[in-house]
Amino acid sequence: MSQTLDVRDAAPRPVQERLFTGIQPSGASHLGNYLGAQVNYVALQDRYESIYGIVDYHALTTVHDAATLRTLTHEMVLDMLAVGLDPARCAIVRQSDLPEHAELCWIFDTVVPVSWLQRNPTYKASLAEGKENSAGLLNYPVLQAADIVIYKASVVPVGKDQDAHLELSREIVRAFNRRYGEIFPEPRAVYTDAPIVLGIDGARKMGKSAGNTIPIFAEPDEIRRLVMSMVTDPLRIKRTDPGRPEVCNVCQLHRYVGGDYLQIQDGERTARTGCVETKELLAERIIEFFAPMRAERARLAADPAVVEDTLAAGAGKVRPILAATVAEVHDAVGIGPRRER
Ligand code: ADP
(Lines give C-alpha, C1' and ligand atoms only; values in the text may rest on other atoms or scores of the structure.)
Protein backbone atom coordinates (compact mmCIF):
# COMPACT_ATOMS: atom_id res chain seq x y z
CA MET A 1 0.00 0.00 0.00
CA SER A 2 1.35 3.39 -0.87
CA GLN A 3 0.37 6.82 -2.02
CA THR A 4 1.86 9.66 -3.95
CA LEU A 5 1.81 12.89 -2.08
CA ASP A 6 1.71 16.35 -3.54
CA VAL A 7 4.03 18.06 -1.10
CA ARG A 8 2.88 21.48 -2.30
CA ASP A 9 -0.41 20.81 -0.58
CA ALA A 10 0.88 21.39 2.92
CA ALA A 11 -2.46 21.56 4.69
CA PRO A 12 -2.01 19.89 8.08
CA ARG A 13 -4.21 16.87 8.68
CA PRO A 14 -6.68 16.76 11.54
CA VAL A 15 -5.25 13.54 12.97
CA GLN A 16 -1.56 13.32 12.31
CA GLU A 17 -0.01 10.05 11.34
CA ARG A 18 3.55 9.47 12.40
CA LEU A 19 6.40 9.60 9.89
CA PHE A 20 9.95 8.33 10.29
CA THR A 21 12.88 8.60 7.96
CA GLY A 22 16.50 7.66 8.52
CA ILE A 23 19.23 9.99 7.27
CA GLN A 24 22.74 8.62 6.82
CA PRO A 25 25.44 10.91 8.16
CA SER A 26 27.48 10.19 5.06
CA GLY A 27 29.00 13.54 4.09
CA ALA A 28 28.18 16.94 2.64
CA SER A 29 24.59 17.25 1.37
CA HIS A 30 24.46 17.68 -2.39
CA LEU A 31 21.95 18.89 -4.95
CA GLY A 32 20.59 15.36 -5.40
CA ASN A 33 19.99 14.98 -1.67
CA TYR A 34 18.31 18.36 -1.50
CA LEU A 35 16.03 18.08 -4.55
CA GLY A 36 15.43 14.35 -4.17
CA ALA A 37 14.79 14.20 -0.44
CA GLN A 38 15.46 17.14 1.85
CA VAL A 39 13.06 19.62 0.27
CA ASN A 40 10.31 17.07 0.83
CA TYR A 41 11.35 16.38 4.43
CA VAL A 42 10.82 20.08 5.08
CA ALA A 43 7.36 20.04 3.48
CA LEU A 44 6.35 16.87 5.30
CA GLN A 45 7.12 18.11 8.81
CA ASP A 46 3.79 19.96 8.87
CA ARG A 47 1.71 17.14 7.46
CA TYR A 48 2.82 14.39 9.81
CA GLU A 49 4.18 13.97 13.29
CA SER A 50 7.65 13.69 11.81
CA ILE A 51 10.75 12.07 13.24
CA TYR A 52 14.05 12.43 11.37
CA GLY A 53 16.71 10.02 12.59
CA ILE A 54 20.38 10.63 11.95
CA VAL A 55 21.27 6.96 11.75
CA ASP A 56 24.77 6.71 13.16
CA TYR A 57 24.38 3.02 14.14
CA HIS A 58 23.85 2.33 10.44
CA ALA A 59 26.86 4.44 9.51
CA LEU A 60 29.08 2.15 11.63
CA THR A 61 28.85 -0.38 8.80
CA THR A 62 30.90 1.96 6.60
CA VAL A 63 32.59 4.63 8.78
CA HIS A 64 35.22 3.14 11.06
CA ASP A 65 36.85 6.20 12.56
CA ALA A 66 35.30 7.70 15.70
CA ALA A 67 36.22 11.34 15.06
CA THR A 68 34.99 11.12 11.46
CA LEU A 69 31.66 9.63 12.46
CA ARG A 70 31.06 12.26 15.12
CA THR A 71 31.90 15.04 12.67
CA LEU A 72 29.65 13.59 9.97
CA THR A 73 26.75 13.30 12.41
CA HIS A 74 27.25 16.86 13.66
CA GLU A 75 27.45 18.23 10.12
CA MET A 76 24.32 16.41 9.04
CA VAL A 77 22.31 17.92 11.88
CA LEU A 78 23.50 21.38 10.79
CA ASP A 79 22.55 20.59 7.17
CA MET A 80 19.06 19.49 8.21
CA LEU A 81 18.47 22.62 10.28
CA ALA A 82 19.81 24.85 7.52
CA VAL A 83 17.56 23.38 4.82
CA GLY A 84 14.56 24.06 7.03
CA LEU A 85 13.77 21.24 9.44
CA ASP A 86 12.42 23.00 12.48
CA PRO A 87 12.90 21.27 15.86
CA ALA A 88 9.70 22.94 17.03
CA ARG A 89 7.70 21.19 14.29
CA CYS A 90 9.47 17.81 14.15
CA ALA A 91 11.91 15.68 16.12
CA ILE A 92 15.51 15.38 14.93
CA VAL A 93 17.09 12.47 16.77
CA ARG A 94 20.44 10.69 16.82
CA GLN A 95 19.85 6.96 16.59
CA SER A 96 22.57 6.07 19.10
CA ASP A 97 20.97 8.32 21.76
CA LEU A 98 18.09 5.86 21.66
CA PRO A 99 19.51 2.34 22.10
CA GLU A 100 15.94 0.98 22.00
CA HIS A 101 16.45 0.93 18.21
CA ALA A 102 19.25 -1.62 18.61
CA GLU A 103 17.28 -3.62 21.17
CA LEU A 104 14.29 -3.98 18.87
CA CYS A 105 16.65 -4.91 16.05
CA TRP A 106 17.93 -7.80 18.16
CA ILE A 107 14.41 -8.96 18.97
CA PHE A 108 13.53 -8.83 15.28
CA ASP A 109 16.73 -10.77 14.55
CA THR A 110 15.29 -13.68 16.47
CA VAL A 111 12.28 -13.65 14.13
CA VAL A 112 13.78 -12.91 10.70
CA PRO A 113 15.07 -15.85 8.61
CA VAL A 114 18.67 -15.30 7.47
CA SER A 115 17.63 -16.25 3.93
CA TRP A 116 15.48 -13.10 3.68
CA LEU A 117 18.52 -10.97 4.42
CA GLN A 118 20.76 -12.87 2.05
CA ARG A 119 18.40 -11.92 -0.77
CA ASN A 120 18.92 -8.20 -0.13
CA PRO A 121 20.40 -6.62 -3.32
CA THR A 122 22.90 -4.42 -1.43
CA TYR A 123 24.27 -7.43 0.42
CA LYS A 124 24.35 -9.54 -2.74
CA ALA A 125 26.19 -6.82 -4.65
CA SER A 126 28.78 -6.56 -1.90
CA LEU A 127 29.21 -10.35 -1.87
CA ALA A 128 29.59 -10.37 -5.65
CA GLU A 129 32.48 -7.91 -5.30
CA GLY A 130 34.17 -10.54 -3.12
CA LYS A 131 34.05 -8.40 0.01
CA GLU A 132 34.15 -9.80 3.53
CA ASN A 133 30.81 -8.51 4.84
CA SER A 134 30.06 -7.74 8.46
CA ALA A 135 27.01 -9.21 10.16
CA GLY A 136 25.95 -5.56 10.50
CA LEU A 137 25.69 -5.18 6.74
CA LEU A 138 23.60 -8.33 6.46
CA ASN A 139 21.45 -7.06 9.31
CA TYR A 140 21.02 -3.55 8.00
CA PRO A 141 17.41 -4.01 6.84
CA VAL A 142 16.42 -5.38 10.25
CA LEU A 143 17.71 -2.25 11.98
CA GLN A 144 15.89 -0.19 9.33
CA ALA A 145 12.65 -1.97 10.14
CA ALA A 146 13.22 -1.45 13.87
CA ASP A 147 13.95 2.27 13.30
CA ILE A 148 10.56 2.79 11.69
CA VAL A 149 8.28 0.61 13.70
CA ILE A 150 9.67 1.36 17.14
CA TYR A 151 7.79 4.65 16.69
CA LYS A 152 4.82 2.80 15.25
CA ALA A 153 5.35 5.14 12.31
CA SER A 154 2.91 4.35 9.53
CA VAL A 155 4.47 6.59 6.90
CA VAL A 156 7.92 6.52 5.35
CA PRO A 157 8.92 8.93 2.57
CA VAL A 158 10.92 7.06 -0.06
CA GLY A 159 12.02 7.43 -3.64
CA LYS A 160 10.09 5.23 -6.08
CA ASP A 161 13.19 3.03 -6.50
CA GLN A 162 13.37 2.29 -2.79
CA ASP A 163 10.10 0.48 -2.19
CA ALA A 164 11.84 -2.92 -2.04
CA HIS A 165 13.54 -1.91 1.22
CA LEU A 166 10.24 -0.96 2.74
CA GLU A 167 8.64 -4.20 1.58
CA LEU A 168 11.22 -6.11 3.63
CA SER A 169 10.34 -3.96 6.66
CA ARG A 170 6.70 -4.88 6.13
CA GLU A 171 7.57 -8.58 5.91
CA ILE A 172 9.54 -8.33 9.14
CA VAL A 173 6.60 -6.67 10.88
CA ARG A 174 4.23 -9.35 9.59
CA ALA A 175 6.55 -12.12 10.83
CA PHE A 176 6.78 -10.51 14.27
CA ASN A 177 3.03 -9.90 14.49
CA ARG A 178 2.31 -13.50 13.44
CA ARG A 179 4.43 -14.80 16.27
CA TYR A 180 3.52 -12.34 19.02
CA GLY A 181 0.25 -10.61 18.09
CA GLU A 182 -0.67 -7.40 16.32
CA ILE A 183 1.84 -5.07 17.95
CA PHE A 184 3.15 -3.10 15.00
CA PRO A 185 1.43 -1.36 12.07
CA GLU A 186 2.87 -2.11 8.63
CA PRO A 187 4.63 1.02 7.42
CA ARG A 188 3.62 2.36 4.03
CA ALA A 189 5.58 4.37 1.53
CA VAL A 190 4.69 7.92 0.75
CA TYR A 191 6.23 8.73 -2.59
CA THR A 192 7.14 12.33 -2.89
CA ASP A 193 7.33 14.02 -6.23
CA ALA A 194 11.09 14.14 -6.55
CA PRO A 195 13.48 14.16 -9.49
CA ILE A 196 16.47 11.88 -9.87
CA VAL A 197 19.36 14.32 -10.23
CA LEU A 198 22.28 13.36 -12.46
CA GLY A 199 25.81 14.15 -11.41
CA ILE A 200 28.33 16.52 -12.97
CA ASP A 201 29.31 13.70 -15.35
CA GLY A 202 25.78 13.97 -16.80
CA ALA A 203 25.61 10.18 -16.91
CA ARG A 204 25.20 8.68 -13.45
CA LYS A 205 22.93 9.62 -10.56
CA MET A 206 24.54 12.32 -8.46
CA GLY A 207 25.94 10.57 -5.41
CA LYS A 208 28.72 10.72 -2.87
CA SER A 209 30.15 7.34 -3.79
CA ALA A 210 30.19 8.29 -7.50
CA GLY A 211 32.15 11.45 -6.61
CA ASN A 212 30.05 13.53 -9.01
CA THR A 213 28.23 15.85 -6.63
CA ILE A 214 27.59 19.56 -6.25
CA PRO A 215 27.55 20.08 -2.46
CA ILE A 216 24.91 22.67 -1.68
CA PHE A 217 26.91 24.32 1.09
CA ALA A 218 30.22 24.45 -0.76
CA GLU A 219 31.90 27.85 -1.15
CA PRO A 220 30.55 29.80 -4.16
CA ASP A 221 33.85 29.43 -6.04
CA GLU A 222 33.77 25.67 -5.56
CA ILE A 223 30.20 25.56 -6.89
CA ARG A 224 31.31 27.60 -9.91
CA ARG A 225 34.24 25.25 -10.51
CA LEU A 226 32.04 22.14 -10.29
CA VAL A 227 29.27 23.53 -12.49
CA MET A 228 31.77 24.65 -15.13
CA SER A 229 33.10 21.07 -15.22
CA MET A 230 29.64 19.64 -15.95
CA VAL A 231 29.13 17.51 -19.04
CA THR A 232 26.50 18.99 -21.39
CA ASP A 233 24.89 17.61 -24.55
CA PRO A 234 27.69 15.50 -26.10
CA LEU A 235 26.32 16.08 -29.62
CA ARG A 236 26.57 19.86 -29.33
CA ILE A 237 30.12 20.24 -30.48
CA LYS A 238 30.25 23.74 -31.92
CA ARG A 239 28.76 26.87 -30.34
CA THR A 240 26.46 27.21 -33.36
CA ASP A 241 25.11 23.62 -33.10
CA PRO A 242 21.56 23.51 -31.73
CA GLY A 243 21.44 21.85 -28.29
CA ARG A 244 19.06 19.26 -26.87
CA PRO A 245 17.96 20.63 -23.49
CA GLU A 246 16.12 17.40 -22.68
CA VAL A 247 19.42 15.49 -22.56
CA CYS A 248 21.57 18.32 -21.18
CA ASN A 249 21.91 18.03 -17.42
CA VAL A 250 22.86 21.70 -17.09
CA CYS A 251 19.57 22.72 -18.73
CA GLN A 252 17.63 20.25 -16.64
CA LEU A 253 19.06 21.59 -13.38
CA HIS A 254 17.96 25.12 -14.29
CA ARG A 255 14.42 23.87 -13.78
CA TYR A 256 14.92 23.64 -10.02
CA VAL A 257 16.90 26.70 -9.03
CA GLY A 258 14.80 29.59 -10.26
CA GLY A 259 14.81 31.69 -13.39
CA ASP A 260 13.03 31.19 -16.66
CA TYR A 261 13.61 27.56 -17.46
CA LEU A 262 11.64 27.60 -20.73
CA GLN A 263 13.67 30.51 -22.05
CA ILE A 264 16.88 28.70 -21.14
CA GLN A 265 15.68 25.60 -22.96
CA ASP A 266 14.78 27.67 -25.97
CA GLY A 267 18.17 29.39 -25.96
CA GLU A 268 19.90 26.00 -26.10
CA ARG A 269 17.62 24.57 -28.74
CA THR A 270 18.13 27.51 -31.08
CA ALA A 271 21.83 27.96 -30.24
CA ARG A 272 21.05 31.51 -29.12
CA THR A 273 23.01 30.69 -25.98
CA GLY A 274 26.16 28.63 -25.56
CA CYS A 275 26.93 25.91 -23.02
CA VAL A 276 29.45 28.08 -21.19
CA GLU A 277 27.02 30.91 -20.47
CA THR A 278 24.26 28.44 -19.54
CA LYS A 279 26.66 26.90 -17.03
CA GLU A 280 27.77 30.27 -15.68
CA LEU A 281 24.15 31.20 -15.17
CA LEU A 282 23.42 27.85 -13.49
CA ALA A 283 26.30 28.31 -11.04
CA GLU A 284 25.04 31.76 -10.06
CA ARG A 285 21.47 30.50 -9.72
CA ILE A 286 22.57 27.62 -7.46
CA ILE A 287 24.66 29.98 -5.32
CA GLU A 288 21.77 32.43 -5.05
CA PHE A 289 19.19 29.69 -4.36
CA PHE A 290 21.17 28.27 -1.43
CA ALA A 291 22.54 31.60 -0.12
CA PRO A 292 19.93 32.01 2.65
CA MET A 293 20.42 28.39 3.74
CA ARG A 294 24.20 28.80 3.66
CA ALA A 295 23.92 31.92 5.83
CA GLU A 296 21.62 30.11 8.24
CA ARG A 297 24.01 27.19 8.44
CA ALA A 298 26.93 29.49 9.23
CA ARG A 299 24.86 31.19 11.93
CA LEU A 300 23.96 27.85 13.49
CA ALA A 301 27.48 26.44 13.23
CA ALA A 302 28.81 29.41 15.20
CA ASP A 303 26.81 28.24 18.22
CA PRO A 304 28.59 25.19 19.68
CA ALA A 305 25.46 24.10 21.60
CA VAL A 306 22.95 24.09 18.78
CA VAL A 307 23.44 20.52 17.55
CA GLU A 308 23.38 18.83 20.95
CA ASP A 309 20.44 21.01 22.04
CA THR A 310 18.52 19.97 18.91
CA LEU A 311 19.25 16.30 19.51
CA ALA A 312 18.40 16.52 23.21
CA ALA A 313 15.06 18.16 22.36
CA GLY A 314 14.36 15.46 19.75
CA ALA A 315 15.24 12.64 22.15
CA GLY A 316 13.04 14.22 24.82
CA LYS A 317 10.07 14.23 22.45
CA VAL A 318 10.40 10.61 21.35
CA ARG A 319 11.44 8.89 24.61
CA PRO A 320 7.86 8.40 25.84
CA ILE A 321 6.96 6.76 22.50
CA LEU A 322 9.95 4.43 22.75
CA ALA A 323 9.27 3.55 26.38
CA ALA A 324 5.68 2.58 25.55
CA THR A 325 6.71 0.40 22.58
CA VAL A 326 9.51 -1.30 24.48
CA ALA A 327 7.20 -2.12 27.42
CA GLU A 328 4.63 -3.57 25.03
CA VAL A 329 7.26 -5.65 23.24
CA HIS A 330 8.79 -6.90 26.49
CA ASP A 331 5.35 -8.06 27.60
CA ALA A 332 4.61 -9.69 24.27
CA VAL A 333 7.85 -11.67 24.04
CA GLY A 334 8.34 -12.35 27.77
CA ILE A 335 11.50 -10.46 28.69
CA GLY A 336 12.05 -8.01 31.56
CA PRO A 337 10.09 -7.96 34.79
CA ARG A 338 6.39 -8.94 34.75
CA ARG A 339 4.25 -5.80 34.85
CA GLU A 340 0.90 -5.32 36.50
CA ARG A 341 -1.67 -4.83 33.75
P1 ADP B 1 24.32 9.91 -1.18
O2 ADP B 1 25.05 8.86 -0.39
O3 ADP B 1 24.70 9.94 -2.58
O4 ADP B 1 24.34 11.26 -0.58
P5 ADP B 1 22.00 8.67 -0.10
O6 ADP B 1 21.94 7.33 -0.74
O7 ADP B 1 22.52 8.80 1.31
O8 ADP B 1 22.80 9.58 -1.12
O9 ADP B 1 20.56 9.32 -0.19
C10 ADP B 1 20.01 10.22 0.73
C11 ADP B 1 18.68 10.68 0.17
O12 ADP B 1 18.90 11.51 -0.97
C13 ADP B 1 17.78 9.53 -0.31
O14 ADP B 1 16.43 9.84 -0.02
C15 ADP B 1 18.00 9.50 -1.80
O16 ADP B 1 16.88 9.02 -2.51
C17 ADP B 1 18.24 10.98 -2.10
N18 ADP B 1 19.16 11.11 -3.25
C19 ADP B 1 20.48 10.81 -3.25
N20 ADP B 1 21.03 11.07 -4.44
C21 ADP B 1 20.03 11.54 -5.23
C22 ADP B 1 19.95 11.98 -6.58
N23 ADP B 1 21.03 12.01 -7.36
N24 ADP B 1 18.76 12.38 -7.07
C25 ADP B 1 17.66 12.36 -6.29
N26 ADP B 1 17.66 11.95 -5.00
C27 ADP B 1 18.82 11.55 -4.47
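Please read these numbers as outputs of a predicted model, since none were measured by experiment.

Quick notes on the rules
- Residues numbered from 1 in each chain as written.
- Predicted model: local features only at pLDDT ≥ 70, side-chain atom pairs only at ≥ 80, totals over all residues.
- Heavy atoms only, no water.
- Near = heavy atom within 4 Å.
- Polar contact = N/O pair within 3.5 Å; in protein donor to acceptor, adjacent residues only side chain to side chain.
- Areas by Shrake-Rupley, 256 points an atom, 1.4 Å probe, with all protein chains shown as cover.
- Nonpolar A, V, L, I, M, F, W, Y, C, P; charged D, E, K, R; others polar.
- Helix = DSSP H or I, 4+ residues; strand = E, 2+ residues; numbered from the N terminus.
- Contact = heavy atoms within 4.5 Å.
- Buried < 20%, exposed > 50% of the residue type's maximum accessible area, 1.4 Å probe, protein only.
- Domains from an automatic or database assignment.
- Buried area = accessible area lost by both parts, 1.4 Å probe.
- Salt bridge = Lys/Arg side-chain N within 4 Å of Asp/Glu carboxyl O.

What follows deals with the site of the ligand. The ligand sits among 14 residues. The nearest are H30, N33, V197, M206 and K208. At a separation of 3.2 Å, a nitrogen atom of the ligand approaches a polar backbone atom of G32. A distance of 3.0 Å is found between an oxygen atom of the ligand and a side-chain nitrogen or oxygen belonging to N33. With the chains in place, 74% of the 540 Å² that the ligand exposes on its own is no longer accessible. Partitioned by chemical class, the residues of the shell around the ligand number six nonpolar, six polar and two charged.

Take the environment of D97 next. Inspection of the secondary structure assignment puts D97 in the loop between β4 (91–94) and α4 (100–109). Placed 40 residues apart in sequence, D97 and Y57 show a C-alpha to C-alpha distance of 9.9 Å. Those residues within four positions of D97 in sequence are excluded, and the remaining contacts are L311 and R319.

Turning our attention to the side chain of R297. Counting through the fold element by element, R297 comes out in helix α12 (residues 275–301). In contact with R297, not counting residues within four places along its chain, are E75, L78, D79, A82 and F217.

Within the element layout of this structure, T192 appears in strand β6 (residues 188–192). Owing to a relative accessible area of 11%, T192 belongs among the buried residues under this scheme. Within the local environment of T192, its side chain forms a polar contact with the side chain of N40, the two groups lying 2.9 Å apart.

Let's shift gears to the domain arrangement of the protein chain. When its domains are assigned, the protein chain resolves into domain 1 (4–197 + 305–333) and domain 2 (220–300). In total, domain 1 and domain 2 occlude about 1,000 Å² of area from one another, counting both sides; carbon and sulfur atoms represent 76% of this. The tally of links from domain 1 across to domain 2 stands at two salt bridges. Between R297 and D79 there is a salt bridge, with its nearest N and O atoms 2.6 Å apart. Counting every contact that joins domain 1 to domain 2 gives two residue pairs in polar contact (both at pLDDT 80 or more).

For K152, which is not glycine, the phi torsion reads 50° and is therefore positive. Tracing the chain through its elements places K152 in the loop between α7 (135–149) and β5 (155–158). Residue K152 is classed as partly exposed on the basis of its relative accessible area of 28%. In this structure, A271 takes a positive phi of about 60° despite not being glycine.

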